[in-house]
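# Inside the fold
The primary structure of each chain is shown beneath.
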Amino acid sequence: KEMMVMDVQTKPSRPHWYELYLQPCVAELLGTALFVFIGCLSVLKDSKDTGLLQPALVHGLALGPIITI
């Protein structure tokens, strides 16, 4: 007996509303809050010897994990 093979293509499922609207907003909120919080702490803890170097380095180094997250 021969079997008939059919190619059935399914439509890709649409993303859930959470993935479309809420998840990007939450990620942006957390990233911005973390960036501002770390930046403010670096300025408050600034010592006289480092000048503007410490806050600049902290802001620059904080971007890597925030972008990765």
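Cut-offs and rules
Residues numbered from 1 in each chain as written. Predicted model: local features only at pLDDT ≥ 70, side-chain atom pairs only at ≥ 80, totals over all residues. Heavy atoms only, no water. Helix = DSSP H or I, 4+ residues; strand = E, 2+ residues; numbered from the N terminus. Buried < 20%, exposed > 50% of the residue type's maximum accessible area, 1.4 Å probe, protein only. Patch = residues over 30% accessible without salt bridge, like charges linked within 9 Å, V, L, I, M, F, W, Y side chains within 5 Å. Areas by Shrake-Rupley, 256 points an atom, 1.4 Å probe, with all protein chains shown as cover. Salt bridge = Lys/Arg side-chain N within 4 Å of Asp/Glu carboxyl O. Expected span 1.5 Å × (residues − 1). Bend = angle between axes of the 7 residues up to and from the residue. Contact = heavy atoms within 4.5 Å. UniProt positions renumbered as here; feature names shortened; annotations may be inferred.

## Some words on the overall build of the chain
Tallying secondary structure elements over the chain gives two helices and zero strands in all. When the 69 residues of the chain are sorted by exposure, 9% land in the buried category.

## Quick look at a nonpolar patch on the surface
On the surface, a cluster of nonpolar side chains totalling about 740 Å² of accessible area is made up of Trp17, Tyr18, Leu20, Tyr21, Leu22, Val26 and Leu30. Turning to its location among the elements, Leu30 is positioned in helix α1 (residues 17-44). Since its relative accessible area comes to 57%, Leu30 is described here as exposed.

## A few points about α1
The first and last C-alpha atoms of α1 sit 40 Å apart over 28 residues, in line with the 40 Å expected at 1.5 Å per residue. Of all the bends in α1, the greatest, near 35°, is centred on Gln23, and the proline Pro24 appears no more than four residues after it. Of the positions making up α1, those classed as buried are Gly31, Gly39 and Ser42. Its buried side turned inward, α1 meets α2 (53-68).

## Examining the UniProt feature "transmembrane region" (unreviewed entry) in the chain
The UniProt record annotates "transmembrane region" (unreviewed entry) at residues 20-44. Between the C-alpha atoms that bound residues 20-44 the distance is 37 Å, and the span itself is 100% helix and 0% strand.

## Overview of α2
The end-to-end C-alpha distance of α2 is 24 Å, a good match for the 22 Å that 16 residues give at a rise of 1.5 Å each. By the burial criterion, the buried members of α2 are Pro55, Ala62 and Ile66.

## So, the environment of Ser42
Tracing the backbone shows Ser42 in helix α1. Residues Ser42 and Leu57, 15 residues apart in the sequence, show an inter-C-alpha distance of 9.2 Å. With near-sequence residues (within four places) excluded, Ser42 lies in contact with Gln54, Pro55, Val58 and His59.

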